[in-house]
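Residue-level structural notes
Read off the chains here:
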Amino acid sequence: MNVPSYRYGLEDRPPRWQNLIYGLQWLAITVPLIIILGKIVARIHFTDPMAQITYLQKLFFITAVMLLIQVYWGHRLPLVTGPAAILLVGIITNAGSPMDAIYSSMMVCGFLLTIFSATGWFTYLKNLFTPRVVAVILLLIAFTLIPTIMNLVIAPEAEGSPLQHLLFSLLLLLVVVALSQRLSGLWKSTLIIWAMLGGSLTYYLLFPQGPSESAQVPFLASFFRDVTFHVSLEPALIVSMLLCYVALVINDLGSIQSVGKMVLADRMPVRISRGVKVTGLVNLLSGFLGIIGPVNFSLSPGVIASTSCASRFTLVPAGVFLFVIAFSPKLIQYLGNIPPVVIGTLLLYIMCSQVATGLRIVFESTDPLSMDNGYIVGLPMMLATVVSFLPPAVTASFPALVRPILGNGFVIGVLAVIILEHIIFRTEDLERG
């Protein structure tokens, strides 16, 4: 086995100025993901621009808290964090429910995740998540976001026609994909931020309108005065969000394990337990603040490889900068002047990695082209896509008690793949075993 050689190892502390540079690199990766996913959720909840900025303030704050706690007391690995795309799916598909009910469900799920990781109960659930189930869950995250991506790309309320936005999106996507194949090192790791900046500037040149500006937005301001949370528990909504948190845990475990293996970290079971526990606690806090919860991202190995630096302490400056940004509404306003079509295009590009990972897992199975795989992977995807594109009037006609489940394409897909894998096709699995 070849032992990787890093300029700075996991427990090394780079010189102060180098540590700052490395921290800025992590920051350049984290900020675009917070802005992209955060703006989508903020636009769902609020029409007031100031309320949207406040939402992003909370999101920057909770990301900083998660990052610093993980580095010092959680998994203690060089792992970047940010808002979970799977929770975006849960919020979008349950957008008809009251905000308090959505985020109360997140609080409950964060609490359960903390209990499972602290007591070891989660190990008993691992048998449910076979490679095919994990692959389908990864694919579902991407495919159930298609309606949201479509609405962002078309952007009927923005300047220009839907056709012009669609053509712009296709061209931007082709450029980003082409650059991802030709760039390497840090340039490739920070491609999203350059695409965000370049795409926004090009959009404003083609569709002159000027970014929105408000003189009432202060440079510095706290957001704690806007925390007015009320507990509202809806059992069906909790079940719906709980299945989203199943996918979040899979993402979290995969990210921690991949980075731990890459930097040859010791005591990985303890790191995993602490890391997932912190994720659960911070998601509980996120629910209380009324924002989407964070997760450990799987982007970190590429950054570690490109910089040849595996020190966990390089993330500390990034966490401090995120904390500072959280208290500057004016700075967030400037960072958030991204056209919806650019957000939708970059979200589509990000989701391509989800699809690639899911397909790789499928094709690594013993017989990837078998009819079993076709049904187990294809049927949940078809069901989830159909439910995701149901007209709002149809889902509104469902009984309120089951609407968060039957009207959620991701939930339907997860339930379908578990039934197919562990009940309908269980005989074939036992015969092969």
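This text gives an overview of the structure that appears in the document. Everything quoted here is computed from the prediction, not taken from an experiment.

Quick look at the overall build of the protein
Across its full length, the protein holds 21 helices and two strands. Relative to its length of 433 residues, the protein is compact, with a C-alpha radius of gyration of 21 Å against a globular reference of 22 Å. For the protein, the C-alpha atoms occupy an extent of roughly 65 × 55 × 45 Å along the three principal directions. Looking at the protein as shown, the accessible area adds up to about 19,500 Å², and 69% of this sits on carbon and sulfur atoms. For the protein, the centre of its 23 positive side-chain charges and the centre of its 18 negative side-chain charges are spaced 10 Å apart.

With respect to unusual backbone geometry
In this model, arginine 76 sits at a positive phi of 55°, which is unusual for a non-glycine residue. Mapping arginine 76 onto the fold places it in the loop between helix 2 (49–72) and strand 1 (81–83). If you check the backbone angles, arginine 267 has positive phi at about 50° while not being a glycine. With respect to the helices and strands, the residue arginine 267 is situated in the loop between helix 11 (235–262) and helix 12 (268–289).

Structural notes on the nonpolar core
As a rule of thumb, nonpolar side chains are buried together in soluble globular proteins. Ranked by size, the top nonpolar core spans 127 residues in total, and within it Phe60, Ile86, Leu87, Met351 and Phe410 carry the most contacts. Excluding its chain neighbours within four sequence positions, the residues that come into contact with methionine 351 are Ala85, Ile141, Ala142, Leu145 and Ile149.

Overview of the environment of leucine 420
Relative to the helices and strands, leucine 420 is located in helix 20 (residues 409–424). C-alpha separation for the pair leucine 420 and proline 380, spaced 40 residues apart in sequence, amounts to 8.8 Å.

Description of the packing of aromatic side chains
Under the defined criterion, the tally for this structure stands at 11 aromatic pairs. With centroids separated by 4.8 Å and ring planes inclined at 40°, the aromatic side chains of tyrosine 203 and phenylalanine 207 adopt a geometry described as tilted. According to the relative accessible area criterion, tyrosine 203 is buried, its value standing at 1%. An aromatic cluster of at least three residues, connected via ring pairs, comprises Phe168, Tyr203, Tyr204 and Phe207. The positively charged end of arginine 13 is found above the aromatic ring belonging to phenylalanine 313, 3.9 Å away from the centroid.

Definitions and cut-offs
Residues numbered from 1 in each chain as written. Predicted model: local features only at pLDDT ≥ 70, side-chain atom pairs only at ≥ 80, totals over all residues. Heavy atoms only, no water. Helix = DSSP H or I, 4+ residues; strand = E, 2+ residues; numbered from the N terminus. Rg over C-alpha atoms; globule rule 2.2 N^0.38 Å. Areas by Shrake-Rupley, 256 points an atom, 1.4 Å probe, with all protein chains shown as cover. Lys, Arg positive; Asp, Glu negative; His and termini not counted. Charge placed at Lys NZ, Arg CZ, Asp CG, Glu CD. Core = buried A, V, L, I, M, F, W, Y, C linked by side-chain atoms within 4.5 Å. Buried < 20%, exposed > 50% of the residue type's maximum accessible area, 1.4 Å probe, protein only. Contact = heavy atoms within 4.5 Å. Phe/Tyr/Trp six-rings, centres within 6.5 Å; stacked < 30°, edge-to-face > 60°. Lys NZ or Arg CZ within 6 Å of the ring centre and 35° of its normal.

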